[in-house]
Amino acid sequence: MPMPDLRLTAAIIAGKTVAALSRALGAGGGTTMPGRVAQGLAPDVTARLARALQHGTVIVTGTNGKTTASRLISHILGIAGLISVHNRAGANLAAGIAAALVQHSTTGGEPRGDVGVFEVDEATLPLVHEALRPRAIVLTNLFRDQLDRYGEIDIIAGRWRATLGGLDRSAAVVFNADDPLVSEVGTQYPGVRLAFGIEDDSCGLGTLEHSADARYCYRCGVPYHYATVYFGHMGVYRCPQCGTSRPTPLVSAREVTNRGLEGTAFLLSTPQGSMHVSTTLPGVYNVHNVLAASACCLHLGVALEAIARGIGTFTPAFGRAERVRVNGRAAVLLLAKNPAGFNEVLRTMLRAEGTVALIAINDLTADGRDISWLWDVDFEMLAGRADRLVVSGIRAEDMALRLKYAGVDPSVMTVEKDLARALDAAAGASNGRPLYILPTYTAMLQLRKILQRRGAVRGFWED
Amino acid sequence: MSGVDLRICHLYPDLLNLYGDRGNLMTLAGRARWRGVEVRIDEHGLREPLRPDEHDLYFIGGGEDRQQRLAAEDLRAVKGPALKDAAASGAVILAVCGGYQLLGHYYRPSEGEDLVGLGLLDLITEHPGPAAPRLIGNIVIRASILGGATLVGFENHGGRTRLGPGARPLGEVVSGSGNNGVDRTEGAVAGHVYGTYLHGPLLPKNPRFADHLISAALRRRHGEVTLAALDDSLEEDAHGAALARAAVR
């Protein structure tokens, strides 16, 4: 028996102690600090614990859909009999990954799980992939997001390219064929490639939205021709100059039925056959998340039947179309953090009549400190179609001004900076109609904390 | 205000649109229309030539490096001469961030060749290299053209801009970095050509500056036009919230 590594043991114990203290003091989930403490004592803690996982690890990265796709992967793997070690609460920087590993290991460094499922911040990928040695990397999409922190999406794509260049060729890269920039990165990977995408023109919007980001060919700088646009810059595209075009997806969604907030149903088509699946995850953007998780699990050897069962039984992550109750009224939390995601959330919400919504905009680091992106969201679609809008958060005034220019009637709008009072105002106005709560990331965490105190939801670390 | 019209030209709307820049167009158009001014907005992308007498106001936004280079080449080769003629005849030009840099003599990136600018503003911009921090954050300036009133916004730029004797700063930095993080200047003005690093976008929360630009643009063909007062309470609240965010009282 090998000597126990005292340094590793000390790091694990210290990390676990910090996590327990954080919870006991009511300081929250302790999803990051335990990792920082453990890394301080044993800088290689992530690599050591990840390599002890019998079935290896998978990484999910991209701007939108990381949390949902990685939770779905973890859920499907559970149905296939594998226990995941997973940063479920979405702490997706290096310390959050270390914290999840520490939490799910014995003090001797033995993992309490079979496989690692890690959502990784898109800019953090180059810093953690060597330690995690993933069997698969899932690239969901690249949208402009938090420009103050990351700069430009071309820079992120460049970092991904460099990361994939150093990857063990046996690892699979699962990528979104409908996103031209992601696809450009994925198709250059010389190892196992698994493209996923939507094959249904009826999901198309007709035209590119204002917020479409990567609409110029990476090689030529000329605009792509789109045969179909699903949302943002997702679609079926082709460069008229160099001929670069969307690769044919191996895993695809066909015959898509969009049931609004109730979710979608489609034919999941894979090299292992096709199956009809249905999900409670709403919106076309979640079809991509389901495809990403399906393709990843197929690569890990999960049977198609188990994947279909997993999709049908999955419940959304906190804040992602999560059903909650506010003062006894039914409400849906829909995280909205960038223009493409916000447009999809608005479109999904507006499929119902007589909308009452609470929009909560914060500008803390995790939200992006620059809120100019609000002007790239197509709030114009709310004009004349919202019965009541309550605007809240640190930048409530900016949101109200944006709605004014979107043509929203000022008489349906209430500005209430305090989130608890804004919740009360929105619930009071809902009057039997469904209440939609659209917060940025930190506003979502604060709103859940308020609802949790009222006994309406569980803590995100218990979820 | 019958018979009064404003013709706006939005340059490179699908290349230079990084920071909610269309909010500036919405504000110019909205505030003019609310006064009964008829507004037309034309979009001019790559390879589409300009006629110097066609527009009263030109707007150029900011973009990513690749897009900025495409725009720079087009600006010089296709639109530059007409834009210079327009500026000389009293048309207003507003340029934000990347567009601002392109109105100067050149932009020297941290790697690659210089982008030659139009020279409409007497300034140069140089990137101090990949190791230098970007200048990012909430920013407040005092604008001399508005009698020292504050302008609020957000800045995010790697390049450092220095003004020559032919350009005045748009304002003095109260909080934030401004042109270069050193000399406390922000933006540049020469005649009716305005450049600034402030986005957020710039005009919705700074309605006085928006009106200043509208008046100047209308003057070219309509002479002095009095703009009626508007209910700016939401604008003032948002301006105040941005001052508070930048910790300015």
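Analysis parameters
- Residues numbered from 1 in each chain as written.
- Chains lettered and ligands numbered in written order.
- Predicted model: local features only at pLDDT ≥ 70, side-chain atom pairs only at ≥ 80, totals over all residues.
- Helix = DSSP H or I, 4+ residues; strand = E, 2+ residues; numbered from the N terminus.
- Rg over C-alpha atoms; globule rule 2.2 N^0.38 Å.
- Buried ≥ 20, exposed ≤ 12 C-beta atoms within 10 Å, placed from the backbone.
- Contact = placed C-beta atoms within 7 Å.
- Nonpolar A, V, L, I, M, F, W, Y, C, P; charged D, E, K, R; others polar.
- Core = buried A, V, L, I, M, F, W, Y, C linked by C-beta atoms within 7 Å.
- Pairing = 2+ DSSP bridges.
- Axes fitted to C-alpha atoms, helices over the stretch in contact; angles between N-to-C directions.

K.L.:
Looking at this structure, how should I read the overall build of chain B?
P.N.:
Scanning chain B from terminus to terminus reveals 5 helices and 14 strands. For a compact globule of 249 residues, the expected C-alpha radius of gyration is about 18 Å, and chain B comes in at 17 Å, within 12% of that figure. Referenced to the eigenvectors of the C-alpha coordinate spread, the extents of chain B come out at roughly 55 × 45 × 30 Å. Put simply, chain B has 249 residues, and 52% of those count as buried. Pairs at least 24 apart in sequence give 72% of the contacts found in chain B among residues at least 6 apart.

K.L.:
Explanation requested: the environment of Val-412 of chain A in the structure shown.
P.N.:
Residue and element names in this part refer to chain A. Structurally, Val-412 can be placed in the loop between α13 (396-405) and β16 (413-415). The class of Val-412 is partly exposed, set by 19 C-beta atoms lying within 10 Å. Along the sequence, Val-412 and Val-390 sit 22 residues apart, while their C-alpha atoms lie 8.4 Å from each other. In this structure, Val-412 is in contact with Ala-386, Asp-387, Arg-388 and Leu-389, ignoring residues within four places of it in sequence.

K.L.:
So what exactly am I meant to see when it comes to the interface of chain B and chain A here?
P.N.:
Accessible area lost upon the coming together of the parts is a frequently used measure of interface size. Counting from both sides, the interface comprises 25 residues of chain B and, opposite them, 21 residues of chain A. Taken together, the elements giving at least two residues each to the side of chain B that touches chain A come down to α1 (22-33), α2 (65-88), β8 (135-143), β9 (149-157) and α5 (233-245) of chain B. It is α5 of chain B that contributes the most residues to the side of chain B that touches chain A, 6 residues altogether. In the side of chain B that touches chain A, the residues fall into 10 nonpolar, 7 polar and 8 charged.

K.L.:
Just checking my understanding: could you explain the nonpolar core for this structure?
P.N.:
Grouped burial of nonpolar side chains is what soluble globular proteins tend to show. Within the largest apolar cluster, 217 residues are counted, with the highest numbers of intra-cluster contacts made by Ile-73, Val-138, Val-174, Leu-334 and Leu-358 of chain A. Setting aside chain neighbours within four positions, we find Val-174 of chain A in contact with Ala-136, Val-138, Leu-194, Phe-196, Ala-292, Ala-295, Cys-296 and His-299 of chain A.

K.L.:
What's the story with the sheet that holds strand β13 (residues 329-334) of chain A in this structure? I'm lost.
P.N.:
The strands making up a sheet associate through backbone hydrogen bonding, with each pair oriented either parallel or antiparallel. All names here are of chain A. Spatial strand order, β12-β13-β17-β14-β15-β16: 6 strands in an open sheet with mixed pairing. The open sheet terminates on both sides in strands that have one partner only, identified here as β12 (320-326) and β16. Taking the axes of each pair of neighbouring strands and ignoring which way they run, one obtains an average angle of 20° across the sheet. Here strand β15 (residues 386-392) runs beside β16; their pairing, made up of 3 bridges, is parallel. In the sheet register, Val-391 faces β16, and the bridge partner there is Val-415. Across the face of the sheet, α13 comes into contact with β14 (355-360), β15 and β16 while running at roughly 150° to β15.

Nothing here speaks to function; it is all geometry.
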